[in-house]
Amino acid sequence: MLIDFHTHIFPTKIADMAIKVLKAGMLKEQGYCIEPQYDGTVDGLKAMMQKNNIDISVTLPIATRPKNTASINTFVKGITDSGIISFATVHPESDNYREELEQIAESGFKGIKLHPEFQHFYIDSKESVDILQTAEKLGLYVVIHAGADIGMPPPVHCTPKMLKNVLSYISGKYLIAAHLGGYGMWDDVEKYLCGTEIYMDTAFLSRIIDGEQLKRIIKSHGSDKILFGSDAPWENPADTVAMINSLGLDRAELDNIFYKNAQRILF
Ligand SMILES: [Zn+2]
């Protein structure tokens, strides 16, 4: 069993444009861009899952403007393909994010995705903490883009230290910090986040992270709080799987990471 907890899709009509915009951001910030593993559509994701023996993919939509929230949530609600489970989106600048969160919970979504870089807010700001508290009360999981985004300029809006600040207001049990708690900031993840209640995912790490540090973080944080995620289409899930398999973890730890933790959250 393999559950990829971090993937992206777009409505078919805008998938091509969305991929182009995201690639342009990388090119501007980094001087290079990453070729996607599929075209950003539901069908593209399904074909890629089949190729990589992935049983379930969790897709994480992001409304970059408050006014896009409703249409995006309607789109992901309409995805009925077996094997695809979507989270919903809210925007901290929305006037009625509390009602939106209630509706999201009532609709049966397991959680939401927040992206402090694309949604332009700090994770330990007042609105953000309010969203995290409301979500926790409703039993909604929150996947947060943590650390740098290679397609966005600094400053980073969700550092490991800011996440630690947030843990004064919530338990963290419903929080999933993507990119192992903070993309490119793993020394601070070891300093501030290892051993807390939060989950972390393994998305978009395989090109850059040092295997020793990855293993150290998994061991000290606990494999029961690490979720396999690729960030497809921006990383090939096969590369993420190979990276995790190369660490010398035992079977129980690998099972936790590849599907057991995700199953506990999703079912
Ligand atoms: Zn992502």
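Data block above holds the structure.
Computed from a prediction, not measured in an experiment: that's the story for all the values here.

**Student:** What exactly am I supposed to notice about the sheet that holds strand 9 (residues 226-227) here?
**Tutor:** What holds strands together in a sheet is hydrogen bonding between their backbones, with the strands either parallel or antiparallel. The 6 strands are arranged 4-5-6-7-8-9 in an open sheet whose pairing can be described as parallel. Every interior strand has two partners, whereas the edge strands, strand 4 (88-89) and strand 9, have only one. The sheet contact formed by strand 8 (residues 199-201) and strand 9 spans 2 bridges and is parallel. Opposite Met-200, over in strand 9, you have Ile-226 as the bridge partner.

**Student:** How should I be thinking about the environment of Ala-105 in this particular structure?
**Tutor:** Position of Ala-105 among the secondary structure elements: in helix 4 (residues 97-106). The exposure class of Ala-105 is partly exposed, given its relative accessible area of 25%. In the structure, Ala-105 is positioned 98 residues away from Ala-203 in sequence and 25 Å away in space, judged by C-alpha atoms. Not counting the four nearest positions on each side in its chain, Ala-105 is found in contact with Leu-138 and Leu-140.

**Student:** Could you clarify how one ought to interpret the packing of aromatic side chains in this entry?
**Tutor:** One pair of aromatic rings is described through two measures. These are the centre distance and the angle between the planes. Under the criterion given, the structure shown has 6 aromatic pairs. Each ring, one from Tyr-141 and one from Tyr-199, has its centre 6.4 Å from the other, and the planes form 65°; the classification is edge-to-face. Of the two residues, Tyr-141 sits in strand 6 (residues 141-144) while Tyr-199 sits in strand 8, which places them 58 residues apart along the sequence. For the pair formed by Tyr-141 and Tyr-199, the shared burial category is buried. Here Tyr-183 and Phe-204 contribute two aromatic rings whose centre-to-centre distance is 5.7 Å and whose plane-to-plane angle is 40°, an arrangement assigned as tilted. Placement of Tyr-183 in the loop between strand 7 (175-177) and helix 7 (186-192) and of Phe-204 in the loop between strand 8 and helix 8 (211-221) is noted, with a sequence separation of 21 residues between them. Relative accessible area serves as the criterion here: at 10%, Tyr-183 is assigned to the buried category. Among the aromatic side chains, those forming a connected cluster through ring pairs are Tyr-141, Tyr-174 and Tyr-199.

**Student:** Can you help me understand the pattern of salt bridges in this one?
**Tutor:** Side-chain pairing between opposite charges can occur once the charged atoms of the two side chains come close. Tallied over the full model, the rule gives 9 salt bridges. As a salt-bridge pair, Arg-207 and Glu-235 come within 3.8 Å of each other at their nearest N and O atoms. With a gap of 28 residues between them, Arg-207 in the loop between strand 8 and helix 8 and Glu-235 in the loop between strand 9 and helix 9 (237-245) connect regions that are remote in the sequence. The partner of Glu-253 in a salt bridge is Lys-219, with the nearest N and O atoms 2.9 Å apart. Of this pair, Glu-253 sits in helix 10 (residues 251-266) while Lys-219 sits in helix 8; the two residues are 34 residues apart in sequence, bridging distant segments of the chain.

**Student:** Would you explain the nonpolar core in this entry?
**Tutor:** The nonpolar side chains of a soluble globular protein tend to be buried with one another. Residues Phe-5, Ile-112, Leu-114, Ile-144, Leu-163, Leu-175 and Leu-180 are the most contacted members of the largest nonpolar core, which totals 86 residues. With 7 residues, the single largest contributor to this core is helix 10. Residues in contact with Leu-114, not counting those within four places in the same chain, are Val-90, Gln-119, Phe-121, Ile-131, Leu-132, Val-142, Val-143, Ile-144 and His-145.

**Student:** How do you make sense of helix 9 when you look at a structure like this?
**Tutor:** Side chains three or four residues apart in an α-helix point the same way, a direct result of the helix having 3.6 residues per turn. Every buried residue belonging to helix 9 is among Pro-237, Thr-240, Val-241, Met-243 and Ile-244, and all of these are buried. The arc enclosing the buried residues of helix 9, seen along the axis, measures out at 160°, which places them on a common side. The opening residue of helix 9, the one whose side-chain oxygen lies 3.0 Å from the backbone nitrogen of Ala-238, is Asn-236.

**Student:** So what exactly am I meant to see when it comes to the packing of helix 4 against helix 5 (residues 126-138) here?
**Tutor:** Helix-helix packing: each pair is described by the crossing angle between the helix axes and the interaxial distance. Two numbers describe how helix 4 lies on helix 5: the axes approach to 10 Å, and their chain directions differ by 25°. By the angle between their axes, helix 4 is roughly parallel relative to helix 5. Between helix 4 and helix 5 lies a crossing whose hand is right-handed. Here helix 4 contributes Tyr-97, Arg-98, Leu-101, Glu-102 and Ala-105 to the contact with helix 5, which in turn contributes Glu-127, Asp-130, Ile-131, Thr-134, Ala-135 and Leu-138. Of the residues contributing to the contact of helix 4 with helix 5, the split by class is 6 nonpolar, 1 polar and 4 charged.

**Student:** Where do I start with the packing of helix 9 against helix 10 in this structure?
**Tutor:** Orientation of helix 9 relative to helix 10, taken along the N-to-C sense of each, is 160°, at an axis distance of 11 Å. One element, helix 9, and the other, helix 10, form an angle in the roughly antiparallel class. Judged by the twist between their axes, the crossing of helix 9 over helix 10 is right-handed. On helix 10, the residues touching Val-241, Ile-244 and Asn-245 of helix 9 are Leu-254, Ile-257 and Phe-258. In terms of residue class, the contact of helix 9 with helix 10 is built from 5 nonpolar, 1 polar and no charged.

So, how was this worked out
- Residues numbered from 1 in each chain as written.
- Predicted model: local features only at pLDDT ≥ 70, side-chain atom pairs only at ≥ 80, totals over all residues.
- Heavy atoms only, no water.
- Pairing = 2+ DSSP bridges.
- Helix = DSSP H or I, 4+ residues; strand = E, 2+ residues; numbered from the N terminus.
- Buried < 20%, exposed > 50% of the residue type's maximum accessible area, 1.4 Å probe, protein only.
- Contact = heavy atoms within 4.5 Å.
- Phe/Tyr/Trp six-rings, centres within 6.5 Å; stacked < 30°, edge-to-face > 60°.
- Salt bridge = Lys/Arg side-chain N within 4 Å of Asp/Glu carboxyl O.
- Core = buried A, V, L, I, M, F, W, Y, C linked by side-chain atoms within 4.5 Å.
- Arc of directions from axis to C-beta.
- Polar contact = N/O pair within 3.5 Å; in protein donor to acceptor, adjacent residues only side chain to side chain.
- Axes fitted to C-alpha atoms, helices over the stretch in contact; angles between N-to-C directions.
- Parallel < 35°, antiparallel > 145°, perpendicular 65-115°, else oblique.
- Left-handed = near helix turned anticlockwise from the far one by under 90°.
- Nonpolar A, V, L, I, M, F, W, Y, C, P; charged D, E, K, R; others polar.

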